[in-house]
Amino acid sequence: MPKIIVLPHDLCPDGDVLEAESGESICSVLLKNHIDIEHACDQVCACTTCHVVIKEGFSSLDESEEEEDDMLDKAWGLEPTSRLSCQAKVKDQDITIEIPKYTINLAKE
């Protein structure tokens, strides 16, 4: 079973190692394990609040779709290995993620 390694963040101060089912989104795994990553659009690829940076295992994920790429262009702290966690599905390899310090949530601002 693949694992998601979460680097320390305000939402998860000590970091964590989470088991994931192949085909599950990173966002779903985080939420299921009580890591309350923002997901203002309810995981439908309509915002950037669930943006994560894949530190290891990026190549094991399917390529992002154009819709996700368009949304990511608006994300704070965009990096070459950025993904929307609601769209990135775990496959058969472990991945390490970093949750950015800030997010753009127009519904909250």
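Refer to the preceding data block for the structure.
Residues numbered from 1 in each chain as written. Predicted model: local features only at pLDDT ≥ 70, side-chain atom pairs only at ≥ 80, totals over all residues. Heavy atoms only, no water.

K.L.:
Is there a simple way to explain the pairing of strand β5 (residues 95–98) in this structure?
P.N.:
Across a regular strand the side chains alternate sides, sitting on one face of the sheet and then on the other. Inspection of the sheet shows strand β1 (residues 3–6) paired to β5 by three bridges, in the parallel sense. Bridge pairing in β5 links Val-6 to Ile-97. Two strands pair when backbone bridges link them, and strand β3 (residues 51–56) and β5 are joined in this way by three bridges, in the antiparallel orientation. Following the sheet pairing, Ile-54 is matched in β5 by Ile-97. (Pairing = 2+ DSSP bridges. Helix = DSSP H or I, 4+ residues; strand = E, 2+ residues; numbered from the N terminus.)

K.L.:
Help me understand the sheet that holds β5, please; the structure alone is not making it clear to me.
P.N.:
For sheets, the rule is that strands pair by backbone hydrogen bonds, running either parallel or antiparallel. The five strands lie next to each other as β2-β1-β5-β3-β4, forming an open sheet whose pairing is mixed. Single-partner strands in this sheet number two, and they are β2 (16–19) and β4 (82–84). Each neighbouring strand pair of the sheet contributes to a mean axis angle of 35 degrees, computed without reference to strand direction. (Axes fitted to C-alpha atoms, helices over the stretch in contact; angles between N-to-C directions.)

K.L.:
So what exactly am I meant to see when it comes to the side chain of Thr-49 here?
P.N.:
Within the secondary structure, Thr-49 sits in the loop between α1 (26–32) and β3. On the basis of relative accessibility, which here comes to 5%, the residue Thr-49 falls in the buried class. Among the polar contacts listed, one links the side chain of Thr-49 to the backbone nitrogen of His-39, at a separation of 3.5 Å. In terms of polar contacts, Thr-49 uses its side chain to reach the backbone amide nitrogen of Ala-40, at 2.9 Å. (Buried < 20%, exposed > 50% of the residue type's maximum accessible area, 1.4 Å probe, protein only. Polar contact = N/O pair within 3.5 Å; in protein donor to acceptor, adjacent residues only side chain to side chain.)

K.L.:
Sorry if this is basic, but what is going on with unusual backbone geometry here?
P.N.:
The phi torsion of most residues other than glycine is negative, and most of the peptide bonds are trans. Even without being a glycine, His-34 presents a positive backbone phi close to 65 degrees. Here His-34 shows up in the loop between α1 and β3.

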